[in-house]
Amino acid sequence: MFNLFYVIFMNFHRAPLIIPKMRYMADHPEKYTEIQRYEMTKHCIYLMNKTGKITTQAFGLENLPEQGGYIMYPNHQGKYDLLGIIYTHQKVCSFVMDKAKSHTMLVREFVDLVQAKRLEKDNPRQGITIINEVARDVAKGKRYVLFPEGGYKFNNKNKVMDFKAGSFKIALKSHVPIVPIALIDSYKVFNSFHIGPITTQVHYLKPIEYDEYKTMKTQEIAALVKKRIEDKIAEVLDR
């Protein structure tokens, strides 16, 4: 929490220039490629990390499929989770987030730069539309991040909460690989009382191919992905 205010304060002088530029790029996708817009997003994260003394280490990048679309399912620890993934994920990716939280300054720009999907949690019909849209996108080669926990607790100490099975309907519908992601110490950045330099870890785990999960129910897929993430976190923290 302290780091959030510190990062905002240290980058306050940049806001009048960089936020309008982000807004313009997001509003004019015909002028900027998705790679240019994605790189702009990563540049902003770089500035946050530099001023906030945040280091994010990536492991298992070789596990990411080289061709085609896929869906990444991470554990959810706080506001920095998605930033850490985007910062370490070289290829363009997008995400799905709660619409109610997507319209604040800077968050709105991040969402629109990568053309993320806004999910209305209390609107089942709109939820089905989002599932179909994301499934269609990843089947065509796009990459998405979905947080199956649906939310996070403040200062959660690397604990993984229950996964919502419905999050995995998209994978079953699109037939693409599932990439579990284990986030470690991400909560310390903006969702704890930690003060000082922080190092977070993003572990990209071995993909779960469609042939491996196609006969499973969504609850079974959720349990499988959750276990692999928990096992990786336990492995790293027990070293």
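Here, every reference points to the structure presented above.
Residues numbered from 1 in each chain as written. Predicted model: local features only at pLDDT ≥ 70, side-chain atom pairs only at ≥ 80, totals over all residues. Heavy atoms only, no water.

(A) The arrangement of the side chain of T51 in detail. Within the secondary structure layout, T51 lies in helix α3 (residues 34–52). Polar contacts involving the side chain of T51 include one to the main-chain carbonyl oxygen of L47, which spans 2.9 Å. Separated by 3.2 Å, the side chain of T51 and the backbone oxygen of M48 make a polar contact. Sequence-distant contacts of T51, defined by excluding residues within four places in its chain, comprise Y6, V7, M10, N11 and R14. (Helix = DSSP H or I, 4+ residues; strand = E, 2+ residues; numbered from the N terminus. Polar contact = N/O pair within 3.5 Å; in protein donor to acceptor, adjacent residues only side chain to side chain. Contact = heavy atoms within 4.5 Å.)

(B) Highlighting the pattern of salt bridges. Considering all chains together, one arrives at 14 salt bridges under this definition. A salt bridge links R23 to E109, with the nearest nitrogen and oxygen atoms 3.0 Å apart. Residue R23 is found in helix α2 (residues 15–27), and its partner E109 is found in helix α5 (residues 107–113); the two are separated by 86 residues along the sequence. Accessibility assignment for this pair places R23 and E109 in one class, buried. Note that D112 is salt-bridged to R118, the shortest N-O span being 3.0 Å. Each of the two residues, D112 as well as R118, counts as buried. Overlapping salt bridges bring together R23, D27, R108, E109, D112 and R118 as one network. (Salt bridge = Lys/Arg side-chain N within 4 Å of Asp/Glu carboxyl O. Buried < 20%, exposed > 50% of the residue type's maximum accessible area, 1.4 Å probe, protein only.)

(C) A nonpolar patch on the surface, seen in detail. Residues Y6, F9 and M10 make up a contiguous nonpolar surface patch of roughly 320 Å² in combined accessible area. Topologically, F9 is positioned in helix α1 (residues 2–10). Given the relative accessible area of 64%, F9 is considered exposed. (Patch = residues over 30% accessible without salt bridge, like charges linked within 9 Å, V, L, I, M, F, W, Y side chains within 5 Å. Areas by Shrake-Rupley, 256 points an atom, 1.4 Å probe, with all protein chains shown as cover.)

(D) Up close: a positive patch on the surface. A cluster of like positive charges, contributed by K79, K101, K121 and K164, occupies part of the molecular surface. As for its position among the elements, K121 is in the loop between β4 (117–119) and α6 (124–139). (Lys, Arg positive; Asp, Glu negative; His and termini not counted. Charge placed at Lys NZ, Arg CZ, Asp CG, Glu CD.)

(E) Inspection of the nonpolar core at higher detail. Of all hydrophobic cores here, the largest spans 40 residues; its most connected members are M72, I85, F95 and V145. Sequence-distant contacts of F95, that is, excluding residues within four places in its chain, are made with L82, I86, F110, V111, V114, A116, K117, Y144 and V145. With 28 residues, the next largest nonpolar core counts I71, A135, Y144 and Y213 among its residues. (Core = buried A, V, L, I, M, F, W, Y, C linked by side-chain atoms within 4.5 Å.)

(F) Unusual backbone geometry, seen in detail. Positioned with a positive phi, K53 is a non-glycine residue whose angle comes to about 55°. Assignment of secondary structure puts K53 in the loop between α3 and β1 (54–59). Residues other than glycine seldom take positive phi values, yet L106 does so here, at roughly 80°. You can call L106 partly exposed: its relative accessible area is 24%.

(G) Quick peek at the side chain of T41. Mapped onto the secondary structure, T41 falls in helix α3. Excluding anything up to four places from it in sequence, T41 contacts I86, F110, L113 and V114.

(H) Broad picture of the sheet that holds strand β2 (residues 70–74). One open sheet holds the 7 strands; their spatial order is β1-β7-β6-β2-β5-β3-β4, and the pairing between them is mixed. Unpaired on one side and paired on the other, β1 and β4 mark the two borders of the sheet. For this sheet, the mean inter-axis angle between neighbouring strands, taken without regard to orientation, is 25°. The sheet contact formed by strand β6 (residues 178–184) and strand β7 (residues 198–204) spans 4 bridges and is antiparallel. Within the sheet, the bridge partner assigned to I184 lies in β7 and is Q201. (Pairing = 2+ DSSP bridges. Axes fitted to C-alpha atoms, helices over the stretch in contact; angles between N-to-C directions.)

(I) Region of interest: the packing of aromatic side chains. Taken as a whole and assessed by the stated rule, the structure comprises 6 aromatic pairs. Where Y24 meets Y32, the ring centres are 6.3 Å apart and the plane angle is 85°; that geometry is what we call edge-to-face. According to the relative accessible area criterion, Y24 is partly exposed, its value standing at 36%. A relative accessible area of 25% places Y32 in the partly exposed class. A centroid spacing of 6.5 Å and a plane angle of 25° characterise the contact between F163 and F168, whose relative ring orientation is stacked. Considered together, F163 and F168 belong to a single accessibility category, that of buried residues. The structure contains a cluster of three or more aromatic residues connected by ring pairs, namely Y73, F163 and F168. (Phe/Tyr/Trp six-rings, centres within 6.5 Å; stacked < 30°, edge-to-face > 60°.)

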